[in-house]
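In case you want the letters, here they are:
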Amino acid sequence: MEPISTTAAVTLLLSTFKEPLVKKFKDISDEIEHVFNNSLNNYITNYYNKYSKTKTFIYRDEKIDFYEVFYPVTIKNRVSASTEVQELKEVIFREKYITIIGSAGSGKSMLMKHLFLSCIHQFYTIPIVVELRNLNDLDITIFEYISNILTKNKVAKSEKIIDRILKEGNFIFLFDGYDEIFSDNINKITNEIEELVDLYSNNAFVITSRPGANAESFHRFNNYYVQPLSPKQVNEFVSIQFKNHENKESIGKIITVIEKPENMDYLDYFTNPLLLSMFIFTFSSHPEIPRKKSKFYWNVFDTLCTKHDTFTKKGFWLHERKSKLKNEELELILKWFSYISLFRGKYNFDAEYLKQTLTSIVEKFKIECNVEDLVYDLSVSISILIQDGIEYSFPHKSLQEYFVAMLIQSLDEEQKKDVYTKKFKLLTNKTTGGNQNFFRLCNEVDQTSFLKYFIIPSGESYNEVYSAADSLARVKEFLVYFNISLDLVLTKSGKLFGGFGHRLYPIHIFIDFFNNDFLFEVNITNMECVDTLRNVSSVKEWLEHAKVGDRSELFLHEVFNEIGEYLHCTGLINAENNLNKFVRNKLLELNSMIKEESVSTSELLDL
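Position numbers for residues count from 1 along each chain, tracking the sequence in the order it is written. For this predicted model, a pLDDT threshold of at least 70 governs which residues receive local features, and a threshold of 80 or more governs which side-chain atom pairs are given and counted, while totals over whole chains, interfaces and linings are taken from all residues. No hydrogens and no water enter the side-chain calculation; it runs on all heavy atoms of the structure.

(A) Summary view of the nonpolar core. In this text, buried Ala, Val, Leu, Ile, Met, Phe, Trp, Tyr and Cys residues form a nonpolar core when linked through side-chain atoms within 4.5 Å. In this scheme, a residue with accessible area under 20% of its type's maximum is buried, one over 50% is exposed, and one in between is partly exposed, where area comes from a 1.4 Å probe on protein chains only. If you look at the biggest cluster of nonpolar residues, it comprises 122 residues, and the most contacted ones within it are Ile384, Phe424, Phe438, Phe450, Phe478, Tyr566 and Leu572. Every helix listed is a DSSP run of H or I at least four residues long, and every strand listed is a run of E at least two residues long, numbered separately from the N terminus. The greatest single-element share of this core, amounting to nine residues, is contributed by helix α25 (residues 572-606). Not counting residues within four places of it along the chain, the set of residues in contact with phenylalanine 424 comprises Phe343, Ile408, Val419, Phe438, Phe439, Cys442, Phe450 and Phe454. With 77 residues, the next largest nonpolar core counts Ile32, Tyr51, Ile101 and Leu196 among its residues. By definition in these notes, contact holds between two residues if any of their heavy atoms fall within 4.5 Å.

Right, dumping it as structure tokens:
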């Protein structure tokens, strides 16, 4: 049977859901026809064309079919078995609301593309992608953003029409990059997502995020975590990347290096699809396993600059560099471009922004080159920036973070202090988490200054808020400090369900950096524990009038004297003490390490 064309596939998908709506809402059938046949058809087709072909670290010269390189990663709910990506459709239909949490390069974006494409290939629901970072610079609500997608503002009374269409539940909303929302937008956008889910609960919703952005605390949503690749999956991943490549003998060579006994300590690098792709890409010129993650990124830059075409073409030849700049000059430019763009919260760059920023950099350093030629070299000659339509981006955000870390490492001590105290404050204020990969790179290449000026102060800020000596009073101060709340919902079975929220502080950076999920390890939302709150006077009063689905926000410190049973049931009674002990011990350890390094450095200088 001949494969179905893109146009036919999109038309068939939309017709499947359009026809019942046209019959049901005869009074607005013309408007529904317009939404499906025009705006929605154009939107789905555009994203299908965008996602069905892709560029990767390995195949960089031209886009290839998405499924030629897609590897099905595994996701896991902490209370359930692992889920293969083929089963994700069933998970979504069963649970409807899920978050997918994964570190940098774990495969979240590829998974979202697969979800979008599979909806069209299998005709099971209409996918709407919302790249959340796009909302940072727009002064509109998510509903307005979605309405614009569906109507292009061309339908009269569009809000009412969209409301009726969405309530039928034929859509899956793919909210990508929760960690890329600016912090001054986070409460607004989070509330809008919650409201959208409440209003259009018949649809499915998926949110992706790096860890640390608090996406795990969304009400209704079940959290799934992208799992590291297993040894078997590592081998399969390598084989897939070489599926269409003439040099298939490299498969065995790469796997042999990875499986050497002396490399077992570094195997965790290859459980991450991004780092594994980097190793495959750089293998011909750097066949050794780097001992540090930063070395992976340097190998990528070096390979792009010196042997760009060796993986995808026979022989060795270089693209002409129009700018005539040397590697060192390109690296300097990339460091400063990454620094400027990262601290402005920009990960995608239109041509105007790219040229303006590059112009200011080459002028400051008196580098002689034509900026048009420089853009050509960065996007074509060495392909370290990828052009997609009218926008440019790094192959992955983590490469941008690497260049920034290397720039900071090259600064003098006063400049470092200024960056770690002022610029990092802007970064943490501008973003909602998901910076741990960047922080770990800074720690790797510039540990002493990074710890001294950023991580240690983040931990010390927590110790300054307590005044009570009594342990129970300190627990209350703990609840006040984090402003821990429960969003209570009355379920159909008459039980209470509670999603929780808490205020983000610098201490969260400290906690996340050392992988101490103190709040997520206690049973804050355990239904049996939450049900003990029925005896709280304000909850009891609310329940007298509440109907199924009604919600009530409860701040725990405000009812502290009535929630003793809940505190013990969840483990919150011990959370404050455990966190205090952890922070105190870790600060002692870090300060001692820095002092020892300073003494060792002084002694070596005196030799």
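(B) Looking closely at the packing of helix α2 (residues 29-52) against helix α5 (residues 108-122). Axes, fitted as lines to C-alpha atoms, cover a helix only where it is in contact. Angles between the N-to-C directions of the axes lie from 0 to 180 degrees. Between α2 and α5, whose axes approach to 10 Å, the crossing angle comes to 125 degrees. On the basis of their axis angle, the class for α2 and α5 is oblique. In the packing of α2 onto α5, the handedness of the crossing is left-handed. For the pair α2 and α5, the contacting residues are Ile44, Tyr47, Tyr48, Tyr51 and Ser52 in the first and Lys113, Phe116, Leu117, Ile120 and His121 in the second. Three categories are distinguished: nonpolar for Ala, Val, Leu, Ile, Met, Phe, Trp, Tyr, Cys and Pro, charged for Asp, Glu, Lys and Arg, and polar for the others, with Gly belonging to the last. Within the contact of α2 with α5, the residues separate by chemical class into seven nonpolar, two polar and one charged. Reported orientations rely on four angle classes, namely roughly parallel under 35 degrees, roughly antiparallel over 145, roughly perpendicular from 65 to 115, and oblique for the rest. Take the far helix as your reference; a near helix turned counterclockwise from it by less than a right angle gives a left-handed crossing, and one turned clockwise gives a right-handed crossing.

(C) Summary view of unusual backbone geometry. With a phi close to 55 degrees, serine 383 is a non-glycine residue in the positive phi region. Within the element layout of this structure, serine 383 appears in the loop between α15 (371-381) and β11 (386-388). A relative accessible area of 6% means that serine 383 is categorised as buried. One non-glycine residue, asparagine 483, lies in the positive phi region at around 50 degrees. By the secondary structure assignment, asparagine 483 is in the loop between α20 (471-482) and β13 (485-490).

(D) Inspection of the side chain of arginine 210 at higher detail. Relative to the assigned elements, arginine 210 resides in the loop between β8 (204-209) and β9 (222-226). The class for arginine 210 is buried, based on a relative accessible area of 6%. Within 3.5 Å is the distance limit for a polar contact, defined as a pair of N or O atoms, with the added protein rule that one can donate a hydrogen and the other accept it, and that residues adjacent in sequence qualify only through two side-chain atoms. Separated by 3.1 Å, the side chains of arginine 210 and glutamate 401 make a polar contact. Aside from chain neighbours lying at most four places away, what touches arginine 210 is Ile101, Gly102, Ala104, Lys108, Asp179, His396, Lys397, Ser398, Glu401, Gly434 and Asn437.

(E) Quick peek at helix α19 (residues 447-463). For α19, with 17 residues, the first-to-last C-alpha span of 23 Å sits near the 24 Å given by 1.5 Å per residue. Consider a residue and the seven residues that end there alongside the seven that start there; fitting an axis to each set, the bend is the angle between those axes. Along its length, α19 reaches its greatest deviation from straightness, about 35 degrees, at proline 457. Taken across its 17 residues, α19 has 12 buried, putting it largely inside the fold. All of the buried residues in α19 are Thr448, Ser449, Phe450, Leu451, Tyr453, Phe454, Ile455, Ile456, Ser458, Gly459, Ser461 and Tyr462. A helix's residues, less one, multiplied by 1.5 Å, set its expected span.

(F) Representation of the packing of helix α21 (residues 506-513) against α25 in the model. It is the contact of α21 with α25, at a shortest axis distance of 12 Å, that shows an interaxial angle of 75 degrees. Here α21 lies roughly perpendicular to α25, going by the angle between them. Mapping the contact onto sequence places Ile507, Phe510 and Ile511 in α21 and Leu579, Phe582, Val583, Lys586, Leu587 and Leu590 in α25. Class assignment for the residues of the contact of α21 with α25 results in eight nonpolar, no polar and one charged.

(G) How the structure looks around the sheet that holds strand β12 (residues 391-393). What the three strands build is an open sheet, ordered β10-β12-β11; its pairing is antiparallel. For this open sheet the edge positions go to β10 (348-350) and β11, each flanked by a neighbour on one side alone. With strand direction ignored, the average angle separating the axes of adjacent strands in the sheet is 35 degrees. Pairing of β10 with β12 involves three bridges; the strand directions are antiparallel. Each bridged residue has a counterpart across the sheet, and for aspartate 350 the counterpart in β12 is glutamate 391. Seen against the sheet, helix α14 (residues 351-364) touches β10 and β12 and runs at an angle of roughly 90 degrees to β10. Strands qualify as paired when DSSP identifies two bridges or more between them.

(H) Up close: the state of the cysteines. Counting rule for disulfides: a pair of cysteine sulfur atoms within 2.5 Å. Counting across every chain of the model gives one disulfide. At a sulfur-sulfur separation of 2.0 Å, the disulfide partner of cysteine 529 is cysteine 569. Given an S-S torsion of about -75 degrees, the disulfide between cysteine 529 and cysteine 569 has left-handed geometry. In this pair, cysteine 529 sits in helix α22 (residues 527-531) while cysteine 569 sits in helix α24 (residues 564-570), placing the two residues 40 residues apart along the sequence. Accessibility expressed as a relative area gives 2% for cysteine 529, which makes it buried. Free cysteine: cysteine 369, not disulfide-bonded; nearest cysteine sulfur from cysteine 305 at 14 Å.

(I) Focus on the sheet that holds β8. Reading across the sheet, the seven strands line up as β4-β3-β9-β5-β8-β7-β6 and stay open at both edges, with mixed pairing between neighbours. For this open sheet the edge positions go to β4 (82-84) and β6 (126-131), each flanked by a neighbour on one side alone. The mean angle between the axes of side-by-side strands here comes to 25 degrees, regardless of whether they run parallel or antiparallel. Taken together, the five bridges between strand β5 (residues 97-101) and β8 define a ladder with parallel strand orientation. Its bridge partner being in β8, isoleucine 100 is matched across the sheet by threonine 208. Across the sheet, helix α4 (residues 88-95) touches β3 (74-76), β4, β5, β7 (171-176), β8 and β9, and the angle it forms with β5 is around 135 degrees. Strands in contact with helix α6 (residues 142-151) are β6 and β7; relative to β6, the strand with the most contacts, it is inclined by about 125 degrees.

(J) Expanded view of the environment of leucine 567. Along the polypeptide, leucine 567 turns up in helix α24. Separated by 89 residues in the primary sequence, leucine 567 and phenylalanine 478 have C-alpha atoms spaced 12 Å apart.

(K) Here's a closer look at the packing of aromatic side chains. In this analysis, rings of Phe, Tyr and Trp, with Trp reduced to its six-membered ring, are considered paired at centre separations within 6.5 Å, and the interplanar angle assigns stacked below 30 degrees, edge-to-face beyond 60, and tilted for intermediate values. All chains considered together, the criterion is met by 53 aromatic pairs. Relative to tyrosine 339, the ring of tryptophan 336 lies with its centre 5.4 Å away and its plane at 75 degrees, an arrangement referred to as edge-to-face. Of the two residues, tryptophan 336 and tyrosine 339 are both situated in helix α13 (residues 327-342); the distance of three residues between them amounts to about one turn of the helix. A relative accessible area of 12% places tyrosine 339 in the buried class.

(L) Representation of the pattern of salt bridges. By convention in these notes, a salt bridge is any Lys or Arg side-chain nitrogen within 4 Å of a carboxyl oxygen on Asp or Glu. Going through the model one piece at a time under the given rule, you end up with 23 salt bridges. Salt-bridge contacts for glutamate 401 lead to arginine 210; the nearest nitrogen and oxygen are separated by 3.1 Å. Linking glutamate 401 in helix α16 (residues 397-410) with arginine 210 in the loop between β8 and β9, this pair joins segments that are 191 residues apart in sequence. We note that glutamate 401, like arginine 210, is buried. The salt bridge involving glutamate 576 is made with arginine 474; its shortest N-O contact spans 3.2 Å. Of the two residues, glutamate 576 is situated in helix α25 and arginine 474 in helix α20; the sequence distance between them amounts to 102 residues. Relative accessible area serves as the criterion here: at 5%, glutamate 576 is assigned to the buried category. Given a relative accessible area of 21%, arginine 474 falls into the partly exposed group.

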